[in-house]
Amino acid sequence: PNLARGYHRRPNDDAFAEGWFRGGDLALVDAGGFYQIVGRAKELIISGGENIHPAEIENIALADATVAEAAVVGVPDAQWGEVAVLAVVARPGMTVDTERLQAAFAVTLARFKHPRRIVVLDALPKTALGKVRKTDLAIDLQQAGALEAEAGLMATRHGTAAVRRLTIRPQRPYTAAHARGEPAD
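Since this is a predicted model, take the numbers as computed values, not measurements.

Scoring rules and cut-offs
- Residues numbered from 1 in each chain as written.
- Predicted model: local features only at pLDDT ≥ 70, side-chain atom pairs only at ≥ 80, totals over all residues.
- Heavy atoms only, no water.
- Buried < 20%, exposed > 50% of the residue type's maximum accessible area, 1.4 Å probe, protein only.
- Helix = DSSP H or I, 4+ residues; strand = E, 2+ residues; numbered from the N terminus.
- Arc of directions from axis to C-beta.
- Contact = heavy atoms within 4.5 Å.
- Pairing = 2+ DSSP bridges.
- Right-handed = clockwise from strand over helix to strand, strands pointing away.
- Axes fitted to C-alpha atoms, helices over the stretch in contact; angles between N-to-C directions.
- Parallel < 35°, antiparallel > 145°, perpendicular 65-115°, else oblique.
- Left-handed = near helix turned anticlockwise from the far one by under 90°.

Draft legend 1. Focus on helix 2 (residues 98-108). Here helix 2 has its buried residues at Thr98, Leu101 and Phe105. Buried residues of helix 2, viewed axially, fall in a sector of 55°; they line one side. Away from its buried face by more than 90 degrees, helix 2 exposes Glu99, Ala106 and Val107. Turning to helix 2, the residues buried within the fold contact helix 1 (54-62), strand 7 (67-77), strand 8 (81-90) and strand 9 (117-121).

Written out as C-alpha cells, the structure is:
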C-alpha cells in the first residue's frame, strides 16, 4: 500500500501498461526465466543509438579491490549524444588505478560501453537514505570541468582541484523532505 497508494483502484492510470505497473526498473530475463535488474529507465544512457546500462559498468568497477563506491552518469556529447562517465571513490588508504579499470572494461564490455572518462572523487553526492544522486553528480561533474579538462589543475565552484581528484559537495543540504519528493524550502 505504501508503494502504490496513489494508484490503488486506478487501472487506467498512465503508470500501468497492459495491466502491469511500470516502476521504471529495467531487467533482463535469462533462458531459465530468471530476471536480473540492470538499472532504472531514467538512468539508461543512449550513446550513438546504443543502450548503456550504468549498472554494468558500476559492477565491474566495484569488483576492483581499490574501489569503495562507483556511479555512472550520462553526460551530453556533441558526437554521440550522450557518453558514460564513471565516478569512483577509493577505499580508505588506497589509490584507484584507472588504467586497470579500463583494462577490466576492455575484457568484459563492448567498446561503446566503456566510460569516456573515469573521475576519482572524495565522495559521491547522496540522499538522506544513502542513495547516489546521479542527476546532481552529472551536473557537478559538468560544472567542475572534469569532463573537458585533460591534465593539470582546473577551477571548480569549490576552488582548484586536480582533474582526477575532485571534492564535490552538495549546493544545499539534502533532507528527508527531498527524499520524499517534496519541494525544497
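Draft legend 2. Fine view of the pairing of strand 7. Of the strand pairs in this sheet, strand 7 and strand 8 are connected by 10 bridges, and their pairing is antiparallel. Bridge pairing in strand 8 links Val67 to Ala90. As consecutive antiparallel partners, strand 7 and strand 8 are separated by three residues.

Draft legend 3. Representation of the pairing of strand 9. Taking burial as the measure, the five residues of strand 9 include five buried ones, the bulk of the element. Across the two faces of strand 9 the burial is the same, with Arg117, Val119 and Leu121 and Ile118 and Val120 all buried. As paired strands, strand 8 and strand 9 are joined by five bridges and run parallel to one another. Each bridged residue has a counterpart across the sheet, and for Leu86 the counterpart in strand 9 is Ile118. What joins strand 8 to strand 9 is helix 2, and the crossover it makes is right-handed.

Draft legend 4. Quick peek at the packing of helix 1 against helix 2. One way to put it is that helix 1 packs onto helix 2 with a least axis distance of 10 Å and a crossing angle of 125°. As judged from the angle between their axes, helix 1 and helix 2 are oblique. When you trace helix 1 past helix 2, the crossing you get is right-handed. Contacts from Ile57, Ile60 and Ala61 in helix 1 reach Leu101, Ala104, Phe105 and Thr108 in helix 2.

Draft legend 5. Expanded view of helix 3 (residues 134-144). Buried residues of helix 3: Lys134, Leu137, Ala138, Asp140, Leu141 and Ala144, and no others. Along the axis of helix 3, the buried positions cluster into a sector of 165°, meaning they face one direction only.

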